[in-house]
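Chain by chain, the residues:
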Amino acid sequence: MEYDIVIIGGGQAGLSFAASLMDTSLSIAVIEKRELSLLSEPKPDGREIALTHLSVDILKKLAVWQLIPEEVICPLKEARVFDGESSSYLDFTSQNKEKNELGYLIPNYKICHALYQRVSTADNVELLTQQSVADVTRQADYSTIHLENGDTITTKLVIAADSRFSTIRKKMGIPALMQDFSKVMIVAQMDHQQSHQNIALECFHYERTLALLPMVGNSSSVVITVATDKVDAVMKQDEAAFNQDMTQAFRGELGEMTLQGERHCYPLMGVYSQQLVSHRFALIGDAAVGMHPVTAQGANLGLRGQDILAAEIKKSVRRGTDIGSLAVLKGYERKQINMNRMMYFGTNGVVALFTNDTPMAKKIRKTLLAVVKHFPPVKHLISHHLTNTSSGIRKFLPF
Ligand SMILES: Cc1cc2nc3c(=O)[nH]c(=O)nc-3n(C[C@H](O)[C@H](O)[C@H](O)COP(=O)(O)OP(=O)(O)OC[C@H]3O[C@@H](n4cnc5c(N)ncnc54)[C@H](O)[C@@H]3O)c2cc1C
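First things first, this report covers the structure right here in the doc.

What counts as what
Residue indices begin from 1 for each chain and proceed along its sequence in written order. Where local features are concerned, this predicted model is filtered to residues with pLDDT of at least 70; where side-chain atom pairs are given and counted, the filter is 80 or more; whole-chain, interface and lining totals use all residues. Comment: elements are numbered from the N terminus, with helices defined as DSSP H or I runs of at least four residues and strands as E runs of at least two. To sort residues by exposure, count the other C-beta atoms lying within 10 Å of each residue's C-beta; 20 or more gives buried, 12 or fewer gives exposed, and values between give partly exposed, all with C-beta atoms placed from the backbone. Residue pairs are scored as contacts if the distance between their C-beta atoms, which are placed from the backbone, is within 7 Å. Using a C-beta atom placed from the backbone, a residue is scored as near a molecule or strand whenever that atom is within 6 Å of it. Gly is placed with the polar residues, together with every amino acid not listed as nonpolar (Ala, Val, Leu, Ile, Met, Phe, Trp, Tyr, Cys and Pro) or charged (Asp, Glu, Lys and Arg). DSSP bridges decide pairing: two strands pair if at least two such bridges lie between them. Every helix has an expected span of 1.5 Å times one less than the residues it contains. Interaxial angles span 0 to 180 degrees and are taken between N-to-C directions of axes, which are lines fitted to C-alpha atoms, for helices over the stretch in contact. In these notes the angle categories are as follows: under 35 degrees is roughly parallel, over 145 is roughly antiparallel, 65 to 115 is roughly perpendicular, and the rest is oblique. We call a crossing left-handed when the near helix sits turned anticlockwise from the far one by less than a right angle, and right-handed when that turn is clockwise.

1. Topic: the overall build of the chain
The secondary structure content of the chain amounts to 11 helices and 19 strands. For the chain, the residues scored as buried account for 44% of the 399 residues in total. For the chain, long-range pairs separated by at least 24 residues make up 73% of all intrachain contacts whose partners lie at least 6 apart in sequence.

Encoded structure:
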């Protein structure tokens, strides 16, 4: 088998990259270890993805946004950050005159479903499911992918989109920093009596962090971050007790809260790849940067990165140059790695400060929140980042 480009991993990053290249004459294979039915009919996984305006524009360009049912898209009007038990908060609203929303919340499986629907119509993209990659070897003019079943595929360019735990990144010798936060994020959909008014809440209480992400109707995604040893207590908590705990945790402001469906849990592990490309190879999505979800940037960075890489490849095709050459791939790395670095270390800084219960850390974050609150330019810059549609780098933290 031979393809111009082989993408390893059919998650959000891999499928969006394949969709970005649908309008080219390049032959593309997506290798995915899961079975086809899990791609064609993905199941709810509890993740509500907050998409920025830039991400929405990219999905519109790919004709994927149009495939997401309108009734699952929840506009986000405001985000409020609370510290400790204080009832005062820092709020962020849209600073863009043309856009009233900060962004949009959409269930992850609906985005994945729309991506699959789009890619499955492509003439130049083949989905090879239930296939796993055992190894990749590189020669000067091509690379060879060795599948677990013994088959081989040759290609000009290998793209690893195989998650933050990317085995391909390791095989290709690309160094990555990894941070085990020793925390777990538990997510659950809950219905409530009062309206959330399209406001997201991030409550850095001591011991556990709580967030509430608005969904369509009187429903929200509740996000609870706890130390690893406390996970079972939350996951196995009796449903009535869980409902009562959450109703009280949000001070009854949404009325009674009722669990809908399962609780899902995600161990928190951050990954920062120190380079994004090498000979005939590039990393995208979480394989390039696996973010702590608190700043809701992982999927957004993945969409931005694949968009830049696709543009560099299309430029190379127009010029008749080798799409797998380092010169072409470096164009992508130059435009994406600084953004990855800023977001990754900025987010980890926020996590370190806001989940640290020492008196000094509490004092610093109170001061920081007060500075942001009483110094409007900083607040405006953060809100502007969320509503901005350009992919340029801004020198501040979005949370
Ligand atoms: C609780 C939670 C909330 C989040 N909220 C947000 C948010 O609000 N906003 C935001 O922007 N991001 C958010 N994220 C992050 C976002 O979900 C991820 O960044 C995104 O889904 C990563 O997509 P990916 O395709 O890179 O990786 P994945 O979704 O991990 O996909 C990797 C794919 O590769 C396949 N694979 C792996 N190894 C191989 C192999 N050897 N061979 C073949 N296939 C392989 C896997 O089966 C999988 O399908 C959140 C994450 C979590 C956990």
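2. What to know about the site of the ligand
Residues in contact with the ligand amount to 33 residues; listed here are only the nearest, Gly9, Gly11, Gly285, Gly298 and Ala299. Those elements that place two or more of their residues in the shell around the ligand are helix H1 (12–20), strand S2 (28–32), strand S3 (48–51), strand S12 (176–192) and helix H8 (298–319). With 4 residues, the top contributor of residues to the shell around the ligand is H8. A class-by-class count of the residues in the shell around the ligand yields 13 nonpolar, 14 polar and 6 charged.

3. Here's the deal with the pairing of strand S5 (residues 78–83)
Burial along S5 is one-sided: Ala79, Val81 and Asp83 are buried, while Glu78, Arg80 and Phe82, pointing the other way, are not. Sheet topology note: the S5/strand S13 (residues 199–204) ladder contains 6 bridges and is parallel. When the sheet's bridge partners are listed, Ala79 is paired in S13 with Ala200.

4. Points about H8
Given a rise of 1.5 Å per residue, 22 residues ought to cover 32 Å, and the 32 Å separating the end C-alpha atoms of H8 matches this to within 8%. Among the residues trailing H8, Gly320 stands out with phi positive, at a value near 75°.

5. What about unusual backbone geometry?
At Ser182, a position not held by glycine, the phi torsion is positive, near 55°. According to the C-beta neighbour criterion, Ser182 is exposed, with 11 such atoms within 10 Å. Despite not being glycine, Arg251 has its phi angle at roughly 55°, a positive value. With respect to the secondary-structure elements, Arg251 resides in the loop between helix H7 (239–249) and strand S16 (257–273).

6. Details of the packing of H1 against H8
At a closest axis distance of 9 Å, the pairing of H1 and H8 adopts a crossing angle of 30°. Comparing the axis directions of H1 and H8 gives the class roughly parallel. Relative to H8, H1 is oriented so that their crossing is right-handed. Contact residues: H1 offers Gln12, Ala13, Ser16, Phe17 and Ser20, while H8 offers Ala299, Gly302, Leu303, Gln306, Asp307, Leu309 and Ala310. Taken together, the residues of the contact of H1 with H8 sort by class into 6 nonpolar, 5 polar and 1 charged.

7. A closer look at the sheet that holds strand S4 (residues 74–76)
Read from one edge of the open sheet, 3 strands run S3-S7-S4, paired in antiparallel fashion. The open sheet is flanked by S3 and S4, the only strands paired with a single partner. Neighbour-to-neighbour, the strand axes of this sheet turn through a mean angle of 30°, independent of strand direction. Summarising the sheet, S4 and strand S7 (residues 103–107) pair through 3 bridges and their orientation is antiparallel. Note on S7: the bridge partner recorded for Leu76 is Gly103.

8. Regarding the packing of H8 against helix H9 (residues 326–354)
Remark: H8 packs on H9, axes separated minimally by 8 Å, with the N-to-C direction vectors making an angle of 165°. In this view, H8 runs roughly antiparallel relative to H9, as classed from their interaxial angle. Handedness of the H8/H9 crossing: right-handed. Mapping the contact onto sequence places Leu301, Arg304, Gly305, Ile308, Leu309, Glu312, Ile313 and Ser316 in H8 and Val328, Gly331, Tyr332, Lys335, Gln336, Met339, Asn340 and Met343 in H9.

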